[in-house]
Amino acid sequence: MASVRVNAVIQARMSSTRLPGKVLRDLGGRPVLDWVVRAAHRAAVDRVIVATSDDPSDDPIALAADAEVVRGPLDDVLARFLMAADRFPCDAVLRLTADCPLLDPGVLDQVVGLWRADPSVDYVSNTLVRTMPRGYDAEVVRTDVLFAQAAVPDGPHREHVTSGVYTDPRYRCAGVVASPDASDLRVTLDTPEDAAVIETVVAALGEPRMRDVVAYLRAHPSVAARNAHVEQASP
């Protein structure tokens, strides 16, 4: 059987409400977006694409991205993913977000590998049952299933891209879990408190694997406590 193609698509925009410009914020001497793109390039994917908007505010993202770039509607993230899948054909898309600078290529490979083991599965993620810290989220969705979501005219499924899949019992979904559970930890970038935690981790560990981040935050609970109160803005 011919090998299946998986493209990583990273959604990115400058107009975050809680931490504007966060995806190009400096982290260890490099933009946050560069950390995400670099992790994706190191994973078992065929191509890396940054999906940003055609709003002028996102011109810096298009210029900075060390990857293919597609640009579409600011408020219709699904449309941007469909553009990426249309322009760069593949069998499935690995959905990533540009506010997760500590993404672990090994974790991405677990999610992609589970789907590659059975490409008839419609959706695979490590968030169906959350056991990993916020900031390591990865989802694989079959391209034909993603295009089926285009029939949804508007609403939250256009923003969240995959929610119309994993909430629909018609689709076959599978999940990756980790042990011990570390879902209480947070290393995604959405607030100044998040930035303080991530910067502290990078200063201590450089470019760490997820297990090293978990071990560090367990050993330094005062660091983990800095953003423990932050509520996630969206799924």
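Values in this document were obtained by computation on a predicted structure and should not be read as measured data. Residue indices follow the written sequence of each chain, beginning from 1 at its first position. At least 70 in pLDDT is required for a residue's local features to be given in this predicted model, at least 80 for side-chain atom pairs to be given and counted, and no such filter applies to totals for whole chains, interfaces and linings, which use all residues. Remark: hydrogens and water are excluded; side-chain values derive from all non-hydrogen atoms of the structure.

(A) Structural view of the overall build of the protein. Only DSSP runs of H or I reaching four residues or more are called helices, and only runs of E reaching two or more are called strands; each is numbered from the N terminus. Counting its regular elements, the protein contains 10 helices and 9 strands. For the protein, whose C-alpha radius of gyration is 17 Å, the value lies close to the compact-globule estimate of 18 Å for 235 residues. Remark: exposure states derive from per-residue accessible area (1.4 Å probe, protein chains only) relative to the maximum for the residue type, with buried under 20%, exposed over 50%, and partly exposed in between. Burial statistics for the protein: of 235 residues in total, 51% are counted as buried. Think of it this way: Lys and Arg go in the positive column, Asp and Glu in the negative one, and His and the chain ends go nowhere. Taken as the charge location is NZ of Lys, CZ of Arg, CG of Asp or CD of Glu. Counting 25 positive and 33 negative side-chain charges, the protein places the centres of these two groups 3 Å from one another. When we talk radius of gyration, it's over C-alpha atoms, and the globule rule is simply 2.2 Å times the number of residues to the 0.38.

(B) Geometry of helix α8 (residues 192-205). One less than the residue count of a helix, multiplied by 1.5 Å, gives the span that helix is expected to have. In this model, α8 (14 residues) spans 20 Å end to end at C-alpha, consistent with the 20 Å of a helix rising 1.5 Å per residue. Taken together, the buried positions of α8 are occupied by D194, A195, V197, I198, T200, V201 and V202. Residue contacts are defined here by distance: any two heavy atoms, one from each residue, within 4.5 Å place the two residues in contact. The inward-facing, buried residues of α8 contact β2 (26-27), α1 (32-42), α9 (210-219) and α10 (221-224). Remark: G206 follows α8 within two positions and exhibits a positive phi of approximately 80°.

(C) Quick peek at the nonpolar core. Definition used in this section: a nonpolar core is a set of buried Ala, Val, Leu, Ile, Met, Phe, Trp, Tyr and Cys residues joined via side-chain atoms within 4.5 Å. Within the largest apolar cluster, 57 residues are counted, with the highest numbers of intra-cluster contacts made by I10, L33, L94, L96, L102 and L217. For this core, the elements supplying multiple residues, two or more each, are β1 (6-11), α1, β4 (47-53), β6 (92-97), α4 (105-117), α8, α9 and α10. The element best represented in this core is α1, accounting for 7 residues. Other than its neighbours up to four places away in sequence, L94 contacts V6, N7, A8, V9, V45, L108, V112, A138, E139 and V140.

(D) Quick look at the sheet that holds β1. A strand pair is defined by DSSP finding two or more bridges across the two strands. Spatial ordering of the open sheet is given by β5-β4-β1-β6-β8-β7-β9, a layout of 7 strands whose pairing is mixed. Because the sheet does not close on itself, it has two edges, and the strands there are β5 (68-72) and β9 (173-175). Adjacent strand axes in the sheet meet at a mean angle of 25° when their direction is disregarded. Across 4 bridges, β6 lies against strand β8 (residues 139-142) in antiparallel orientation. By the bridge assignment, A92 is partnered in β8 with R142. To define axes, lines are fitted to C-alpha atoms, for helices over the stretch in contact only, and angles between the resulting N-to-C directions are given on a 0 to 180 degree scale.

(E) Representation of unusual backbone geometry in the model. In this chain, S179 is followed by P180 through a cis amide linkage whose omega measures 0°. Relative to the assigned elements, P180 resides in the loop between β9 and α8. One non-glycine residue with positive phi stands out, namely V161, at about 70°. Secondary-structure assignment places V161 in the loop between α6 (156-160) and α7 (163-166).

(F) Main features of α9. Among all positions in α9, only M210, V213, V214, Y216 and L217 are buried. The arc enclosing the buried residues of α9, seen along the axis, measures out at 165°, which places them on a common side. Exposed side of α9, more than 90 degrees from the buried face: R211 and A219 are the residues found there. Turning to α9, the residues buried within the fold contact α4, α8 and α10. The directions from the helix axis to the C-beta atoms form the arc being described.

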